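# Analysis of the macromolecular model
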Amino acid sequence: MYAESEEYQTRVYDANMLISNALKQYNKPYLSFSGGKDSTVMMGLVLLQMPDIMVLHWDYGRFYIPDALRGEIKANAKAMGVDLRIETSPKYEELGRNAVNVLGNEMMKKLIPSLAEEGYDCVFVGLRSEESAKRKRRISAERSITIINEVWPVRAWTWMDIWAYIVANDIPYLSHYDVYGPMVGWNLARFTTLFDPEFDRLGCSSVDGILSWRFRNVK
Amino acid sequence: MDAAEQAYFRNAFKSGVRHRGDMHYEPLRVTLHLGAPVALTHPWVYLDSIIKHLMLVNALEDNFYLLPAKFPMGKILGHGGSLPIKHTSGLAHSSASIFEIKKDGMETIYKRFEDRWAGGRRKINIGSGHFRNYMMSTVYVSAPTCEFYVFGDKKLLSKILDSLVGIGDNTRIGWGHVRSFEIEQQQEDWSIIKDGRAMRPIPKKMLTSSSEYLRMAWRSPYWAADSVDVCAPPGAEVELRG
């Protein structure tokens, strides 16, 4: 089994070291949890060292994430012993599927500065270099995009490592992957907002139109 | 689209409509024999929308290519002729597509600039605009046939389907190529319901019960927001009103 390989064990060790060092270096860290597989695995790792860490979840609203999946996110966090702090923006309800760049304007520009004021000085983010060239560059340059320092414990992990950790540790994951994985590929299946115009240029809405057709015309 | 443009297309459509007169509707099965996988953006393809599209192309001829994209022309043009598929209160007696799926998957289409498109220009912006490079994911199904159950006029359907080149998305680059088709008469009409199950989206107002309801398009154009209503989706256990 891959989870027994040295390669995987080394990555888990390195991730634990990154977490351990960050916990020593910073006074008040929090964890950013999207509900996707990467942040779920990262949460599993961080909870082993800091079970009472504040876990923040940004809710994209019912127009971008089906209610069933929003429920699963909360249930999965609860199953891992986490009481989520959920933040959102009323813009998602006001603008529906026309809500564009709300994350940037509401979370990055408003919420995160307010978290910094609350004293949070570090955030664990489930970013991986393998995901895109842009993320790879950002990670290698150690560039945080917010005023709070980011730590990426699973930065060097591959999709195989992520799934191996989920399977080996019986971590709950979203049913979304069971729908998208077989079609898109288990290496490429990602949990993102559905029918989001920001991803239209990648054809995501076409894929969502097939795999999440029930969610196409939500009102 | 301004009033003058609307009048222009309305007149062009009226003078171009070739199919008039009484229809002889009967239960039919239309089988499309496919020569290439079908790229889809939705689980189903609808024959009534294909037929209306072909009728519009046939009637407008070259004017069709002047039409704005994503503009529901039906409101401006009206039916303008006889439809080869029976409609009841706007609902087409035509099932959603039934693919004999052998394989499904995802493919990525890359649009890349080629020198021959430059037309003598020395600088081309490939980051945005007409020549923008992009990669786009598309879901496809590989199926030898696609079937529809229809309550329609065999003769006119056959005439219109003669000009069908492909179905689904991106037919311009070869997806969904239709090699041939056949239309067979059926004993029973399965265009709307078969064995108590919906064969197409049916609006709630036409039903007394359904095992599932959700918002989806039930009439063409299926991409238009005002075609969406609460419906029983294909496959739901339903009972028709009246």
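Residues numbered from 1 in each chain as written. Chains lettered and ligands numbered in written order. Predicted model: local features only at pLDDT ≥ 70, side-chain atom pairs only at ≥ 80, totals over all residues.

### Regarding the overall build of chain A
The cut-off we apply is this: A run of H or I in DSSP becomes a helix once it reaches four residues, and a run of E becomes a strand once it reaches two; helices and strands are each numbered from the N terminus. Note on method: radius of gyration uses C-alpha positions; expected globular size equals 2.2 Å times residues raised to 0.38. Here exposure depends only on C-beta density: within 10 Å of a residue's C-beta, 20 or more other C-beta atoms make it buried, 12 or fewer make it exposed, and intermediate numbers make it partly exposed, the C-beta atoms being placed from the backbone. Whether two residues are in contact is decided by their C-beta atoms, placed from the backbone, lying within 7 Å.
Secondary structure assignment for chain A yields 9 helices and 5 strands. Here the C-alpha radius of gyration of chain A, 17 Å, is about what a compact globule of 219 residues would show, namely 17 Å. By the burial criterion, 33% of the 219 residues in chain A qualify as buried. Sequence-distant contacts in chain A: of pairs separated by 6 or more residues, those separated by 24 or more amount to 75%.

### Things to note about the interface of chain A and chain B
Between chain A and chain B, the residue contacts involve 16 residues of the former and 16 residues of the latter. If you tally residues by element for the side of chain A that touches chain B, the top one is helix α9 (residues 204-211) of chain A, at 5 residues.

### With respect to the nonpolar core
Let me state the cut-off plainly: Working definition: the nonpolar core is a set of buried Ala, Val, Leu, Ile, Met, Phe, Trp, Tyr and Cys residues, joined through C-beta atoms within 7 Å. Segmentation of the chain into domains, including their bounds, is taken from an automatic or database domain assignment.
V38 and V150 of chain B are the most contacted members of the largest nonpolar core, which totals 60 residues. Considering every element that reaches this core, the biggest residue donor is helix α2 (residues 47-60) of chain B, with 7 residues. Summarising the domain contributions, this core has at least three residues from each of domain 1 (3-104 + 141-191) and domain 2 (196-242) of chain B. Excluding residues within four positions of it along the chain, V38 of chain B makes contact with Y140, V141, A143, I167, G168, W175 and G176 of chain B. Core analysis: the next-biggest nonpolar cluster, separate from the first, contains 31 residues, I19, M42, F124 and I148 of chain A among them.

### So, the sheet that holds strand β5 (residues 149-151) of chain A
Residue and element names in this part refer to chain A. Put simply, the rule reads: The criterion for strand pairing is that DSSP finds at least two bridges linking the strands in question. Fitting a line to C-alpha atoms yields each axis, with helices limited to the stretch in contact; the angle taken between N-to-C directions then spans 0 to 180 degrees.
Spatially, 5 strands are ordered β3-β2-β1-β4-β5 in an open sheet, and the strand pairing comes out parallel. Unpaired on one side and paired on the other, β3 (85-87) and β5 mark the two borders of the sheet. Taking the axes of each pair of neighbouring strands and ignoring which way they run, one obtains an average angle of 30° across the sheet. Bridge analysis of strand β1 (residues 29-32) against strand β2 (residues 54-58) gives 3 bridges, and the strand direction is parallel. Counted as the bridge partner of S32 is L56 from β2.

### Comments concerning the environment of W159 of chain A
Residues and elements named next belong to chain A. With respect to the helices and strands, W159 occurs in helix α7 (residues 159-168). Sequence separation between W159 and A133 is 26 residues; the distance between their C-alpha atoms is 15 Å. With residues up to four places along the chain from it excluded, the contact list for W159 reads E130, W186 and N187.

### Some points on the domain arrangement of chain B
All names here are of chain B. Here is the rule: Asp, Glu, Lys and Arg are counted as charged, while Ala, Val, Leu, Ile, Met, Phe, Trp, Tyr, Cys and Pro are counted as nonpolar; the rest, among them Gly, fall into the polar class.
Domain parsing of chain B yields domain 1 (3-104 + 141-191) and domain 2 (196-242). Averaged C-alpha coordinates put domain 1 and domain 2 at centres separated by 20 Å. Each partner contributes residues to the interface: domain 1 has 18 residues there, and domain 2 has 12 residues. Elements with a contribution of two residues or more to the side of domain 1 that touches domain 2: α2 and β4 (91-92). By residue number, the principal contributor to the side of domain 1 that touches domain 2 is α2, which donates 3 residues. Its residues placed into classes, the side of domain 1 that touches domain 2 shows 8 nonpolar, 7 polar and 3 charged.

### Details of the sheet that holds strand β15 (residues 228-232) of chain B
All names here are of chain B. With respect to topology, 3 strands assemble into an open sheet ordered β12-β15-β14, the strand pairing being antiparallel. With partners counted over all chains shown, the strands left at the sheet margins are β12 (202-203) and β14 (214-217), one partner each. Where β12 lies against β15, 2 bridges are found, and the strand directions are antiparallel. The partner of I202 across the bridge, within β15, is A232.

### Description of unusual backbone geometry
Most of the time, phi is negative for any residue but glycine, and the peptide bond is trans. The residue after S220 of chain B, namely P221 of chain B, is reached through a cis peptide bond having omega -5°. Note that P221 of chain B resides in the loop between β14 and β15. With a phi angle near 50°, F195 of chain A is a residue other than glycine that sits in the positive phi range. With respect to the helices and strands, the residue F195 of chain A is situated in the loop between α8 (176-184) and α9. Classification of F195 of chain A as partly exposed rests on a count of 18 C-beta atoms within 10 Å. One non-glycine residue, D195 of chain B, lies in positive phi territory at about 50°. Considering the arrangement of structural elements, one finds D195 of chain B in the loop between β10 (193-194) and β11 (197-198). Note on D195 of chain B: 7 C-beta atoms within 10 Å, which makes it exposed.

### Remarks on the environment of E100 of chain B
Residue and element names in this part refer to chain B. Topologically, E100 is positioned in the loop between β5 (98-99) and β6 (103-111). Overall, the presence of 13 C-beta atoms within 10 Å leaves E100 in the partly exposed class. Counting along the chain gives 47 residues from E100 to E147, while the straight-line C-alpha distance between them is 8.2 Å.

### Some points on helix α5 (residues 102-117) of chain A
Residue and element names in this part refer to chain A. The criterion, for reference: Here the expected span of a helix is defined as 1.5 Å times the quantity of residues minus one. At any given residue, the bend is defined as the angle formed between two axes, one fitted to the seven residues that end at that position and one fitted to the seven that begin there.
The end-to-end C-alpha distance of α5 is 21 Å, a good match for the 22 Å that 16 residues give at a rise of 1.5 Å each. Of all the bends found along α5, the most pronounced is centred on L111 and spans about 30°, while P113, a proline, follows it within four residues. Looking one or two places after α5, you find G119, whose phi comes out positive at around 105°.

### Quick notes on helix α3 (residues 67-79) of chain A
The end-to-end C-alpha separation of α3 of chain A is 18 Å, in line with the 18 Å expected for 13 residues at 1.5 Å each. In the segment just after α3 of chain A, G81 of chain A is the residue with positive phi, at about 85°.

### Observations concerning the confidence of the model for chain B
Put simply, the rule is: Think of pLDDT as the predictor's per-residue confidence, scored from 0 to 100.
Confidence in the prediction of chain B, expressed as mean pLDDT, is 90, and 98% of residues score 70 or more. Interface scoring of the predicted complex returns ipTM 0.83; its pTM is 0.87.

### Focus: the pairing of β15 of chain B
Where β14 of chain B lies against β15 of chain B, 4 bridges are found, and the strand directions are antiparallel. Bridge pairing in β15 of chain B places M216 of chain B opposite D229 of chain B.

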